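The residues making up each chain are set out below.
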Amino acid sequence: MLIICNGAYKSGSTWLFRILLTMTQYDLIPPAYHAPGWNGLGIKPSLLAKFLKRENYRDHNYILKGHFFLQYHIIVGKPNVTVMNIRRDTRDVVVSAFHYERMKGKCQSDSFEGYYWTRGWRIAQQVIRYNRLWENKPNTYMSSYETLHTDFPGEVHRLASFLGFSLSQADVQRLHDENTLESLREKYDEKSSDGKMSFYRKGVIGDWQEHMSEEIVQDIARIDREEAGYPTRMDLLNLRGRYAVSKWRDK
């Protein structure tokens with residue numbers, strides 16, 4: 001089996017990956033497919049189709065993480081592939097993206113307000129589309145960042161049941177202890193050059209309330225309403241076209 005830990009940008013896919021890797025002990029994909037800078041966690045997107053075609057994941061168990069959107073049509077419903085998705089409150093995603101991009105030196109605005117109106121609203125739109133694309137699809141599970149915080153034991157049991165694993169109380173406690181955000185900071189953290197910000201920054205549910213004006217909150221609500229019908233048949237065709245272009249560019 002191949003398990004794909006999937007989620008929109010800054011939605012918690014790395015956390016989900018660490019939990020499921022600890023649970024399953026599945027192998028990472030071969031180094032030839034690794035995405036640069038991901039330390040073996042993910043696959044180079046342009047190599048996903050090759051991996052699915054050439055590797056024996058029917059008889060060998062692999063796990064990887066990624067942000068698969070354009071690749072949707074080559075993954076969804078594929079035999080021996082299970083997609084474990086995670087979603088997060090869109091407002092918290094945008095705040096997390098702001099701090100992450102500041103840490104990486106890629107943020108063009110020092111204020112969240114400025115960031116939102118130049119880039120953040122596009123991230124909100126993409127996250128909403130991403131989650132709707134993967135809702136209720138074959139061989140997929142949709143977890144949530146918030147549920148892993150508020151009901152870790154219950155959600156871990158649901159994850160395990162979906163994958164065909166049985167967990168004892170001791171197993172759940174071990175998964176919790178090894179995958180708290182605090183322990184992940186200690187083991188895997190990525191910090192800004194001045195040491196002031198980290199990849200696992202806060203993880204607080206509702207952090208958006210410390211950053212967002214009512215105008216921004218309402219704008220995200222507007223985007224959510226406008227994307228209620230996503231994806232249409234034309235949207236899916238558009239994704240296939242964008243995927244084809246991305247493959248051509250990577251040749």
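Everything quoted here is computed from the prediction, not taken from an experiment. Starting from 1, residues in each chain are numbered consecutively following that chain's sequence as written. Owing to the predicted nature of the model, reporting of local features is limited to residues with pLDDT of at least 70; listing and counting of side-chain atom pairs is limited to 80 or more, with chain, interface and lining totals taken over all residues. Neither water nor hydrogens contribute to the side-chain values; these are computed over all heavy atoms in the structure.

Undergrad: How should the overall build of the protein chain be read in this particular structure?
TA: Working definition: helices are DSSP H or I runs of at least four residues, strands are E runs of at least two. Numbering for both runs from the N terminus. Within the protein chain, the secondary structure is distributed over 11 helices and five strands. Using a 1.4 Å probe on the protein chains alone, a residue whose accessible area is under 20% of its type maximum counts as buried, one over 50% counts as exposed, and one in between counts as partly exposed. Across the 251 residues of the protein chain, 48% fall into the buried class. If you sum the accessible surface of the protein chain, you get close to 12900 Å²; carbon and sulfur atoms cover 47% of it. Placing the 36 positive and 30 negative side-chain charges of the protein chain at their respective mean positions leaves the two points 9 Å apart. Per-residue accessibility takes into account occlusion by the displayed protein chains alone, with areas from the Shrake-Rupley method and a 1.4 Å probe. Note that His is not counted, nor are the chain ends; the positive residues are Lys and Arg, and the negative ones are Asp and Glu. Working definition for charges: the position is that of NZ of Lys, CZ of Arg, CG of Asp or CD of Glu.

Undergrad: I'm lost on the nonpolar core in this one. Help?
TA: Across soluble globular proteins, you tend to see nonpolar side chains buried next to one another. Take the buried Ala, Val, Leu, Ile, Met, Phe, Trp, Tyr and Cys residues and link them wherever side-chain atoms come within 4.5 Å; each set so joined is a nonpolar core. Ranked by internal contacts, the top residues of the largest apolar core, which has 46 residues, are Leu2, Phe51, Ile75, Phe112 and Met212. Ranked by residues supplied to this core, first place goes to helix H5 (residues 112–134) with 10 residues. When near neighbours in sequence (up to four residues on either side) are disregarded, Phe51 contacts Leu2, Ile29, Pro30, Tyr33, Ile43, Tyr57 and Tyr62. With 25 residues, the next largest nonpolar core counts Ile3, Ile19, Val156 and Val172 among its residues. The criterion used for residue contact is that any of the two residues' heavy atoms lie within 4.5 Å.

Undergrad: Would you mind showing me how to read the sheet that holds strand S5 (residues 140–144) here?
TA: At least two DSSP bridges between two strands are needed for those strands to be called paired. Read across the open sheet, the five strands follow the order S2-S3-S1-S4-S5; overall the sheet is parallel. Two strands in the sheet have a free side with no partner beyond their single neighbour: strand S2 (27–28) and S5. Bridging between strand S1 (residues 2–7) and strand S4 (residues 81–87) involves six bridges; their strand directions are parallel. Of the residues in S4, the one forming a bridge with Gly7 is Ile86. Geometry is summarised by axes, namely lines fitted to C-alpha atoms with helices restricted to the contacting stretch, and by angles between N-to-C directions that run from 0 to 180 degrees. Lying over the sheet, helix H1 (residues 13–24) contacts S1, S2, strand S3 (62–66) and S4, oriented at roughly 170 degrees with respect to S3. Here H5 sits on the sheet in contact with S1, S3, S4 and S5, set at roughly 140 degrees to S4.

Undergrad: Can you walk me through the pairing of S3 in this structure?
TA: The element S3 is largely enclosed, with a buried count of five among its five residues. The alternating pattern of S3 places Tyr62, Leu64 and Gly66 and Ile63 and Lys65 on opposite faces, both of which are buried. By the bridge criterion, five bridges tie S1 to S3 in an arrangement that is parallel. Paired with Cys5 across the strands is Lys65, a residue of S3. In this structure, S2 lies alongside S3, joined through two bridges in parallel fashion. Bridge pairing in S3 links Asp27 to Tyr62. By definition, the crossover connecting two strands over a helix is right-handed if that path, from the first strand to the second, turns clockwise as seen with the strands pointing away from the viewer. Regarding the hand of the β-α-β motif, the stretch spanning S2, helix H2 (residues 48–54) and S3 is right-handed.

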